[in-house]
Amino acid sequence: MLKYTSQLRAIPRDVVDGMLDDVARADIPWTENYSRYQSGGWKTAALYNASGDSQENDLTDCAPIPTEVVPRLPRVRGFIEGSGLKLMWVRLLRLDPSAFLWEHTDYGAHNLSRVPRLRLHVPLKTNPDALIVLPSRSVHMKSGFLWKLSPHETRHGACNRGSEERIHLILDCYMNSTLEELIARELLQPDALRDKPGLSEERFGELCRDADALMSSGRESAAEDLFRKVFHSHDLGSLSSYDLLARYFEGRGDAGRRDHWLKEKITFLNLNVPGHPFYQPALA
């Protein structure tokens, strides 16, 4: 698990509270991006990027500059600019209650160079039911730590089953000596991890029947989301949520929808991007 996620260092409570207070006072211009990748309720605001516009959220290699929001966040700015990290992009991410970020991998955009980089999370506001979801386990990124995620090396998603929004400060960083030193001391406390049960054939059958009921009432998107959410609750082994969707539609004789979800699997997991860890040449 350390390869994919870990705690890099502790962050004093007063520092976290100060940054959250900045965010609460700043009237953040939240916007929903990447609508295909989420259920709704996953919102972002860029703090450092290529253009200086907080609404620009398509990651690209750059020497980032502050957006118009940063002057309203003095303690956040101090934390970021005093970190010693080589920044690529910095954002605030908000995950509202009942929101899901679907299974995917990152850093697959064709305009990104294949250089070492990682994503760091600083949880500013969270709850025990706000989770980063990996294939066999979920992780609750507890407040009070700087967390690492390798979003290109593992399938992952996120969900918030709690009653309050989750707010993280996200720093996409190029490798440098500061980050290497942090990784050399990384750890992962067991109480942050939650195992996911395997998906039984019986449970898959139940999901199919529930999906059938939704489909018969014209709620195709809700039916499909049932299978997308299985990644967040169950260990699917080598399968993905997109494979489950393809299997469901195959069983219903809908080859068109089956093929749609197999194509979506290629896109969401970056299977056709040369140089990406999930690259499969036959799919390029």
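In this report, the structure presented in the accompanying data block is examined. None of these values were measured; they are calculated from a predicted model.

**Examining helix H4 (residues 201-216)**
Piece 1. Between its first and last C-alpha, H4 extends 22 Å over 16 residues, near the 22 Å set by a 1.5 Å rise per residue.
Piece 2. Among the structural elements, helix H5 (220-228), helix H6 (230-233) and helix H7 (241-251) are those in contact with the buried residues of H4.
Piece 3. The positive-phi residue at the C-terminal boundary of H4 is Gly218, with phi of around 80°.

**Re the packing of H7 against helix H8 (residues 255-269)**
Piece 1. Where H7 contacts H8, the two axes come as close as 8 Å, and the packing angle between them is 170°. By the angle between their directions, the pair H7 and H8 is classed as roughly antiparallel. Mapping the contact onto sequence places Tyr242, Asp243, Leu245, Ala246, Phe249 and Glu250 in H7 and Arg257, Arg258, Trp261, Leu262, Lys265 and Phe268 in H8.
Piece 2. Here the residues of the contact of H7 with H8 sort into seven nonpolar, no polar and five charged.

**Some points on the sheet that holds strand S9 (residues 137-139)**
Piece 1. Ordered in space as S6-S11-S8-S9-S13, the five strands form an open sheet in which the pairing is antiparallel. In this open sheet, the two strands that pair with only one neighbour each are strand S6 (100-104) and strand S13 (193-195). Across this sheet, the average inter-strand angle for adjacent strands is 25°, counted without regard to direction.
Piece 2. Where S6 and strand S11 (residues 156-160) come together, three bridges link them in antiparallel fashion. In the sheet register, Leu101 faces S11, and the bridge partner there is Ala158.

**Digging into the layout of surface pockets**
Piece 1. In this structure, the largest pocket spans a volume of roughly 640 Å³.
Piece 2. Lining the largest pocket are 31 residues, and of these Tyr34, His104, Thr105, Asp106 and Tyr107 sit closest to its centre.
Piece 3. Elements that contribute at least two residues to the lining of the largest pocket include exactly strand S5 (86-95), S6, strand S7 (117-125), S11, strand S12 (166-174) and H8.
Piece 4. Here the element with the most residues in the lining of the largest pocket is S11; it accounts for three residues.
Piece 5. Per-class residue counts for the lining of the largest pocket are 15 nonpolar, 11 polar and five charged.

**Focus: the packing of H5 against H7**
Piece 1. Axis separation between H5 and H7 bottoms out at 8 Å; the angle between their running directions is 130°. Classified by the angle between their axes, H5 and H7 sit oblique to one another. The chirality of how H5 crosses H7 is right-handed. Note on element contacts: H7 touches H5 through Ser241, Tyr242, Leu244, Leu245, Tyr248 and Phe249, opposite Glu224, Phe227 and Arg228.
Piece 2. Residue composition of the contact of H5 with H7, grouped by class: six nonpolar, one polar and two charged.

**Structural notes on the nonpolar core**
Soluble globular proteins: nonpolar side chains tend toward being buried together.
Piece 1. The biggest cluster of nonpolar side chains holds 31 residues, and the ones touching the most others in it are Leu47, Leu73, Ile80, Val122, Leu124, Leu169 and Leu171.
Piece 2. Secondary-structure elements contributing two or more residues to this core are helix H1 (13-25), strand S3 (42-49), helix H2 (74-81), S5, S7, S12 and helix H3 (177-184).
Piece 3. With 22 residues, the next largest nonpolar core counts Phe100, Val133, Val230 and Trp261 among its residues.

**With respect to the pairing of S11**
Piece 1. Extensive coverage of S11 is indicated by the burial of five of its five residues.
Piece 2. Burial along S11 is two-sided: the face carrying His156, Ala158 and Asn160 and the face carrying Gly157 and Cys159 are both buried.
Piece 3. Where strand S8 (residues 130-133) meets S11, four bridges bridge the pair, whose relative direction is antiparallel. Following the sheet pairing, Val133 is matched in S11 by Gly157.

**Looking at the side chain of Asn57**
Piece 1. Structurally, Asn57 is set in the loop between S3 and strand S4 (65-66).
Piece 2. The class for Asn57 is buried, based on a relative accessible area of 2%.
Piece 3. Reaching out from Asn57, the side chain makes a polar contact with the side chain of Asn33 at a distance of 3.1 Å.
Piece 4. Contact partners of Asn57, with chain neighbours within four places excluded, come to Thr31, Asn33, Tyr34, Thr44, Ala45, Ala46, Trp89 and Arg91.

**Comments concerning the pattern of salt bridges**
Piece 1. This model, assessed by the stated rule, comprises 26 salt bridges.
Piece 2. A salt bridge links Arg94 to Asp96; the nearest nitrogen and oxygen atoms lie 2.7 Å apart.
Piece 3. Residue Arg94 is classed as buried on the basis of its relative accessible area, which comes to 18%.
Piece 4. Taking the relative accessible area as the measure of exposure, Asp96 reaches 13% and is therefore buried.

**Thoughts on the environment of Ser138**
Piece 1. In this fold, Ser138 is placed in strand S9.
Piece 2. The class of Ser138 is buried, set by a relative accessible area of 3%.
Piece 3. Beyond its immediate chain neighbours, meaning those up to four positions away, Ser138 contacts Leu131, Ile132, Val133, Ala192, Leu193, Arg194, Lys196 and His232.

About the criteria used
- Residues numbered from 1 in each chain as written.
- Predicted model: local features only at pLDDT ≥ 70, side-chain atom pairs only at ≥ 80, totals over all residues.
- Heavy atoms only, no water.
- Helix = DSSP H or I, 4+ residues; strand = E, 2+ residues; numbered from the N terminus.
- Expected span 1.5 Å × (residues − 1).
- Contact = heavy atoms within 4.5 Å.
- Axes fitted to C-alpha atoms, helices over the stretch in contact; angles between N-to-C directions.
- Parallel < 35°, antiparallel > 145°, perpendicular 65-115°, else oblique.
- Nonpolar A, V, L, I, M, F, W, Y, C, P; charged D, E, K, R; others polar.
- Pairing = 2+ DSSP bridges.
- 1 Å grid on protein atoms, 1.4 Å probe; cavity = no way out; pocket = protein on both sides within 12 Å on 5 of 7 lines; lining within 4 Å.
- Points joined across faces, edges and corners; volume = space filled by probe spheres on them.
- Left-handed = near helix turned anticlockwise from the far one by under 90°.
- Core = buried A, V, L, I, M, F, W, Y, C linked by side-chain atoms within 4.5 Å.
- Buried < 20%, exposed > 50% of the residue type's maximum accessible area, 1.4 Å probe, protein only.
- Polar contact = N/O pair within 3.5 Å; in protein donor to acceptor, adjacent residues only side chain to side chain.
- Salt bridge = Lys/Arg side-chain N within 4 Å of Asp/Glu carboxyl O.

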